[in-house]
Amino acid sequence: MALQQDEPWAGWMTPWARATLGPRAAEPSLVAQRRQSLLQHAHARSAFYRRHHGVTERSAPLVWSDLPPVTKPVLMQAFDEWVTDPAITLQGVQAFLRDPARIGEDFLRRYAVWTSSGTSGEPGIFVQDSAALAVYSTLLESRMDRRFATQRWWALAATGAMGPWGLRPRSALVAALDGHYAGVSFWSRQCRFNPVTGSESRAFSVTAPIGQLCDALQAWRPAFLASYPSMLVELARQQEAGRLRLMPLALWSGGEGLAASTRDWIESVFGAPVINDYGASECLAIAFECPHGRLHLNDDWVLMEPVDAQDQPVPAGTASHAVLLTNLANRVQPLIRYRLGDSVTMHPDDCPCGNHRPSFTVEGRCDDTLRFPNAAGEVVHLSPMAVTTALEEGADVHRFQLRQTTADALELRLDVSLSADPAALRAASLQALQAYFAKQGLPGLHLNLSDEAPAIDPRSGKLRQVVCEV
């Protein structure tokens with residue numbers, strides 16, 4: 001399944017020439033063909049979509065905008081009818097996911113399986129077929145911004161961190177490692193299929209104490225460092241304070257919102273560009289950011305419809321309530337007009353970078369960084385992604401809210417409405433958090449369990465999982 005080429009000669013064009021010409025938007029006829037093919041496949045192989053779209057032998061032709069949207073809870077309830085391969089069952093997938101040793105391995109020898117809780121707090125399981133994985137890999141290779149600090153290449157090579165002749169740069173991923181999350185699973189899979197690159201790649205846990213993490217990264221000396229924006233902020237603090245002395249060529253970020261001012265500061269501290277992308281467990285490669293700070297939609301493989309709270313389209317320049325996402329690459333678990341809770345604003349004009357694909361900005365996860373004093377009086381910064389990962393992995397809880405109420409106190413709100421044993425869930429959550437805070441040098445932190453349910457943000461309608469009220 002080949003990607004649409006920007007021009008007939010795009011295959012042999014130099015990167016400079018390709019950037020000068022600028023990628024075109026996807027051909028409407030190609031998108032329409034892929035969309036129709038996906039729809040026919042879903043109706044032929046997925047009992048859920050036949051029922052959801054009201055397909056019968058005498059059905060009139062369907063109008064795309066009339067197709068009812070789908071949500072994660074609805075799809076998960078109909079998991080076995082949703083997938084198009086009858087060999088895949090929810091029971092079988094859950095058994096696979098219970099084994100952390102299989103992170104990055106293929107389910108049934110041909111599928112990737114990723115989990116996500118998302119900003120809604122609803123857990124999801126997403127199966128990706130080999131064709132979709134090939135598309136994601138090709139998009140990452142061909143469309144991700146390739147800027148890097150060229151002046152550093154040989155200086156870094158001289159330290160021995162770039163391999164023979166400076167041709168094997170090291171990379172590092174700082175992320176949640178103890179679950180089948182899209183980031184670490186795709187990373188592990190790519191390392192397995194590319195052993196040369198994989199030998200120069202290492203993953204580090206986002207929940208590790210910051211001192212240990214800095215020591216490990218300094219020993220590894222990566223040329224490319226990937227993590228969540230909030231963790232890159234914390235690593236930039238460590239770099240600025242002299243506890244890190246990295247010389248990266250580029251930093252890769254994703255998974256959270258990244259403000260332009262924050263990106264500029266991280267770049268100034270590390271002396272390297274921050275390359276941002278936008279993806280999800282549902283569709284790994286939705287868009288890539290250009291040097292002008294706009295995200296460019298991979299519009300030949302992804303349909304993204306910005307909508308209001310009633311799932312009606314909103315015009316360019318207006319912030320949406322959500323988006324309806326269609327993944328044209330993955331057929332084993334079709335996503336057709338799937339409601340993703342991110343608010344996006346489409347730009348009505350062409351981007352100054354010369355890329356003619358649709359561009360937008362996104363408001364994704366917007367949790368706060370927590371700050372607590374340790375016994376020595378030093379301020380410990382805790383990335384929201386690290387804190388939520390510790391709780392999700394330690395207690396298997398997905399709908400919660402942590403609120404910092406004072407300089408040394410944190411309130412935990414849990415949604416126990418669907419729990420068979422609320423008392424056990426509360427105890428496991430407190431234990432997971434206490435263990436995490438102790439590892440961070442904060443054993444005396446006051447952790448309070450509230451009877452209140454997590455509060456939804458009235459403006460965005462999202463669940464902010466980490467909120468600082470101080």
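Predicted, not measured: the structure shown is a model, and the values here were computed from it.

The rules we used
Residues numbered from 1 in each chain as written. Predicted model: local features only at pLDDT ≥ 70, side-chain atom pairs only at ≥ 80, totals over all residues. Heavy atoms only, no water. Helix = DSSP H or I, 4+ residues; strand = E, 2+ residues; numbered from the N terminus. Buried < 20%, exposed > 50% of the residue type's maximum accessible area, 1.4 Å probe, protein only. Contact = heavy atoms within 4.5 Å. Areas by Shrake-Rupley, 256 points an atom, 1.4 Å probe, with all protein chains shown as cover. Pairing = 2+ DSSP bridges. pLDDT = per-residue confidence, 0-100. Expected span 1.5 Å × (residues − 1). Core = buried A, V, L, I, M, F, W, Y, C linked by side-chain atoms within 4.5 Å. Phe/Tyr/Trp six-rings, centres within 6.5 Å; stacked < 30°, edge-to-face > 60°. Lys NZ or Arg CZ within 6 Å of the ring centre and 35° of its normal. 1 Å grid on protein atoms, 1.4 Å probe; cavity = no way out; pocket = protein on both sides within 12 Å on 5 of 7 lines; lining within 4 Å. Points joined across faces, edges and corners; volume = space filled by probe spheres on them. Nonpolar A, V, L, I, M, F, W, Y, C, P; charged D, E, K, R; others polar. Axes fitted to C-alpha atoms, helices over the stretch in contact; angles between N-to-C directions.

Draft legend 1. Representation of the overall build of the protein. For the protein, the count of helices and strands is 15 helices and 20 strands. With the C-alpha coordinates of the protein rotated into their principal frame, the extents come out at 75 × 60 × 45 Å. Within the span of the protein, comprising 470 residues, buried residues form 53% of the whole. Residue pairs at least 24 apart in sequence account for 64% of intrachain contacts in the protein once pairs closer than 6 positions are excluded. Just so you have it, the protein exposes about 21100 Å², and 54% of that area is on carbon and sulfur atoms.

Draft legend 2. Here's a closer look at the pairing of strand E15 (residues 370-373). Of the two faces of E15, only the one carrying Leu370 and Phe372 is buried; Arg371 and Pro373 on the other face are not. The pairing of E15 with strand E16 (residues 379-382) spans four bridges and is antiparallel. Across the sheet, residue Arg371 finds its bridge partner in E16, namely His381. Where E15 folds back on E16, the antiparallel hairpin that results is connected by five residues, among which Gly377 adopts a positive phi of roughly 85°.

Draft legend 3. Summary view of the confidence of the model for the protein. On average, residues of the protein score 87 in pLDDT, and 92% of them are at 70 or above. The secondary structure element of the protein with the lowest average pLDDT is helix H1 (residues 15-21), at 44, and the one with the highest is helix H5 (residues 79-82), at 98. Long-range and interchain partners of residues 1-20, a stretch whose pLDDT sits below 50, account for 33 contacts in this model, where long-range means more than four residues apart.

Draft legend 4. Quick peek at helix H14 (residues 384-395). For H14, which comprises twelve residues, the first-to-last C-alpha distance of 16 Å matches the rise-based estimate of 16 Å (1.5 Å per residue) to within 8%. Counting buried positions over the twelve residues of H14 gives ten, a clear majority of the element. Within H14, the full set of buried residues consists of Pro384, Met385, Ala386, Val387, Thr388, Thr389, Ala390, Leu391, Glu392 and Ala395. Backbone geometry just after H14 places Asp396 at a positive phi near 55°.

Draft legend 5. Representation of the nonpolar core within the structure. By size, the foremost hydrophobic cluster in this structure holds 64 residues, and its most contacted members are Phe79, Trp82, Ile88, Tyr136, Ile286, Met304 and Phe360. Residues in contact with Trp82, not counting those within four places in the same chain, are Ser46, Phe48, Tyr49, Leu75, Met76, Ile125, Phe126, Gln333, Pro334 and Leu335. The next biggest cluster of nonpolar side chains, apart from the first, holds 57 residues, and it includes Cys191, Leu258, Leu382 and Leu414.

Draft legend 6. Region of the structure containing the side chain of Thr115. Turning to its location among the elements, Thr115 is positioned in strand E1 (residues 112-116). Accessibility expressed as a relative area gives 18% for Thr115, which makes it buried. When near neighbours in sequence (up to four residues on either side) are disregarded, Thr115 contacts Leu97, Gly124, Ile125, His180, Tyr181, Ala182 and Ser281.

Draft legend 7. Spotlight on the packing of aromatic side chains. The full count for this structure, using the stated rule, is eleven aromatic pairs. Consider the rings of Trp114 and Phe186, whose centres lie 6.2 Å apart with planes at 90°: the pair is edge-to-face. Taken together, the residues Trp114 in strand E1 and Phe186 in helix H9 (residues 182-193) connect sequence positions 72 residues apart. In this structure Phe186 comes out as buried when scored by relative accessible area, which is 8%. One residue, Arg34, lies across the ring of Trp301, its end atom 3.7 Å from the ring centre. The ring of Trp220 is capped by Arg170, whose NZ or CZ atom sits 4.5 Å from the centre of that ring.

Draft legend 8. Region of the structure containing the environment of Glu105. Its place among the elements puts Glu105 in the loop between helix H6 (90-97) and E1. Distance in space between the C-alpha atoms of Glu105 and Arg58 is 43 Å, their sequence separation being 47 residues. The contact partners of Glu105, leaving out residues within four places of it in the chain, are Phe96, Tyr111 and Arg192.

Draft legend 9. Structural context of the pairing of strand E19 (residues 446-450). Sheet topology note: the strand E18 (residues 409-414)/E19 ladder contains five bridges and is parallel. The residue bridging Leu410 from the neighbouring strand is Leu447, located in E19.

Draft legend 10. Broad picture of empty space enclosed by the protein. Throughout the structure, instances matching the rule amount to three cavities of 30 Å³ or more. Of the voids in this model, the largest cavity is the one considered here, and its volume is about 70 Å³. Around the largest cavity sit 13 residues that line it, and Val206, Ala208, Met231, Tyr436 and Gln440 are the ones nearest its centre. Among the secondary structure elements, those contributing two or more residues to the lining of the largest cavity are helix H12 (229-240) and E16. Here the residues of the lining of the largest cavity sort into eight nonpolar, four polar and one charged. Counted as a void, the second largest cavity has a volume near 40 Å³. Lining the second largest cavity, in full, are Phe96, Arg102, Gly104, Glu105, Ala112, Val113, Trp114, His180, Ser185 and Arg189. When contributions to the lining of the second largest cavity are tallied by element, the ones reaching two or more residues are E1 and H9. Here the lining of the second largest cavity gets three residues from one element, more than from any other, and that element is E1. Its residues assigned to classes, the lining of the second largest cavity comprises four nonpolar, three polar and three charged.

Draft legend 11. Examining the environment of Met231 more closely. Relative to the assigned elements, Met231 resides in helix H12. In this structure, the C-alpha to C-alpha distance between Met231 and Tyr181, residues 50 residues apart in sequence, is 17 Å.

Draft legend 12. Representation of the sheet that holds strand E12 (residues 338-340) within the structure. The sheet built from three strands is open, its strands ordered E10-E11-E12 with antiparallel pairing. Strands with a single pairing partner mark the edges of an open sheet, and in this sheet they are strand E10 (302-307) and E12. Adjacent strand axes in the sheet meet at a mean angle of 30°, parallel and antiparallel pairs treated alike. Two strands pair when backbone bridges link them, and strand E11 (residues 322-327) and E12 are joined in this way by three bridges, in the antiparallel orientation.

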